[in-house]
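Chain by chain, the residues run as shown.
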Amino acid sequence: MLGDSLRKLIGQITGKSYLDEASIEAFIKELQRALLMADVNVRVVFDLCARVRDRLKRDELKGYTKKEMFVKIIYDELILIFGEKYEPTLEPRKILVLGLYGSGKTTTCAKMAHFYKSKGLGAALICLDFDRPAAREQLSQLAEKIHCKFYTYNSPSDFLAASLPKSEVLIFDTAGRNALDSALIDELKRIDAKVQADEKFLVVSADIGQAVKKQTEEFDKAVNVTGVIVTKLDGSAKGGGALTSAKTVNVPITFVGTGEKIEELELFDAKKYTSRLLGFPDFEGLMEKVKQLELKEADLLEEKLNFRTFQQQMREARKLGPLKNVLGMMGAHDVPDTILSKGEDKMKQFDVIINSMTKEERENPELLKQDRNRMLRIARGSGTSEEVVRELVGEFNKMEKMLSKIMKNKNLRKQFEGMLKGGKFQI
Ligand SMILES: Nc1nc2c(ncn2[C@@H]2O[C@H](COP(=O)(O)OP(=O)(O)OP(=O)(O)O)[C@@H](O)[C@H]2O)c(=O)[nH]1
Ligand SMILES: [Mg+2]
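Residues numbered from 1 in each chain as written. Chains lettered and ligands numbered in written order. Predicted model: local features only at pLDDT ≥ 70, side-chain atom pairs only at ≥ 80, totals over all residues.

Structural notes on the overall build of the chain
Move 1: When its secondary structure is counted, the chain shows 19 helices and 8 strands.
Move 2: Looking at the chain as a whole, 34% of its 427 residues qualify as buried.
Move 3: Across the chain, contacts joining residues at least 24 apart in sequence account for 76% of those joining residues at least 6 apart. (Helix = DSSP H or I, 4+ residues; strand = E, 2+ residues; numbered from the N terminus. Buried ≥ 20, exposed ≤ 12 C-beta atoms within 10 Å, placed from the backbone. Contact = placed C-beta atoms within 7 Å.)

Some details on the site of ligand 1
Move 1: Around ligand 1 there are 20 residues in total, and Gly-104, Thr-106, Thr-107, Gly-176 and Gly-257 lie nearest to it.
Move 2: Ranked by residues supplied to the shell around ligand 1, first place goes to helix 5 (residues 105-118) with 3 residues. (Near = placed C-beta within 6 Å.)

Looking at the nonpolar core
Move 1: Among the nonpolar cores identified, the biggest contains 80 residues, and Ile-95, Ile-171, Phe-172, Val-228 and Val-230 are the most heavily contacted of them.
Move 2: The leading source of residues in this core is helix 4 (residues 66-82), at 7 residues.
Move 3: Taken together, domain 1 (2-82) and domain 2 (93-277) each give at least three residues to this core, which thus spans both.
Move 4: Excluding residues within four positions of it along the chain, Ile-171 makes contact with Ile-95, Val-97, Cys-109, Met-112, Ala-113, Ala-123, Leu-125 and Ile-126.
Move 5: If you look at the next biggest cluster of nonpolar residues, it comprises 10 residues, including Met-314, Ile-354, Met-357 and Ile-378. (Core = buried A, V, L, I, M, F, W, Y, C linked by C-beta atoms within 7 Å. Domains from an automatic or database assignment.)

Remarks on helix 5
Move 1: An ideal rise of 1.5 Å per residue puts 20 Å on 14 residues; helix 5 measures up with 20 Å between its terminal C-alpha atoms.
Move 2: Among all positions of helix 5, only Lys-105, Thr-106, Thr-107, Thr-108, Cys-109, Ala-110, Lys-111, Met-112, Ala-113, Phe-115 and Tyr-116 are buried.
Move 3: Once helix 5 ends, the next one or two residues include Gly-120, with phi positive near 90°. (Expected span 1.5 Å × (residues − 1).)

Below is the structure:
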């Protein structure tokens, strides 16, 4: 799936301790590959990659690390190729639904009627598929199911848009074809002239592949498409083509179908969709958190380490919320859940233990390290055991060793970052 490959890529970027030109280029190639595999149009992919390269050179870091900036640029640019957030007009209007055979027109008409009804509007379904008697039956059953009005005609000449209610959302289902041939174009043009629709939504199935660009352009040329609906997004790994085609003819993706059921229709929101693809429901919030965490790391390097500062660091890390997301963002993708949840429990225990120390002990770790009686007292006072206190001292020692090494060697500072990001250090 596109999401899988993108998440893997983001993990690799954030997990890398140092980004040089060569690795950036390799990651961009990987991004290119992931998008092409998902059937995103070649032109769109190359333009996107060019913009990523360009912004990497141009954009100020604004407090982000280069890695975060890289991820953020990818995120921003993906949003751009998917479009925007669709805000439907919640007023009576006429919506004409077009598309090739089996793309999901009829189902989507009913889903949309259900959607507008849920927003308090009246909705009616109108069958303009004169090719198959079964089409009429299908839409009529759906109308019944969602309790909305249904209109049908024996032939195109019987149909008169003027006789339809004016105060409702009217949704017109049309006939499909194997391809957009001249017969279909003529029929759609005739219908279009009669209906005088406010919206003309082209329905494309997510698995359509590279053909989508040409198809969207042709429909647009024939009847001026105003929006695209992508269906079957639940079943395809290749939705990238369909989702980016709308942008190429400058219309929005309006709705996406995510299943066969009436309720399985969503308003499209490029930001939300991209965040979901990358595996971060609240991407911007997360970026903010990671930035804070990195600043804390910087503080840690400046400040003398003792149990008081150690405790502060742990608390900060805990405040950041779902540790898995934060560590994931920092590249520690391989950290299994069990270690993470154990990590959080441990942190709580460590916190209580540090609270049971005297102020002196907190400021002077040496006092504790050499004195078993103190350890036993703290274990009793915190309701833990000597074993856990020793574990805390052990963690503290590890951190201290690491920090003193870093202090002696500037280059190691970078490695420290990498180590935190590689998940080897459990906070
Ligand atoms: N999984 C899934 N199936 C869908 C979705 N939308 C439609 N379908 C299924 O796709 C099939 C075709 O849907 P229709 O709504 O009949 O398509 P159509 O474009 O009206 O077809 P024609 O009128 O024959 O051109 C049906 O089996 C639907 O249940 C979707 O979002 N997800
Ligand atoms: Mg149909």
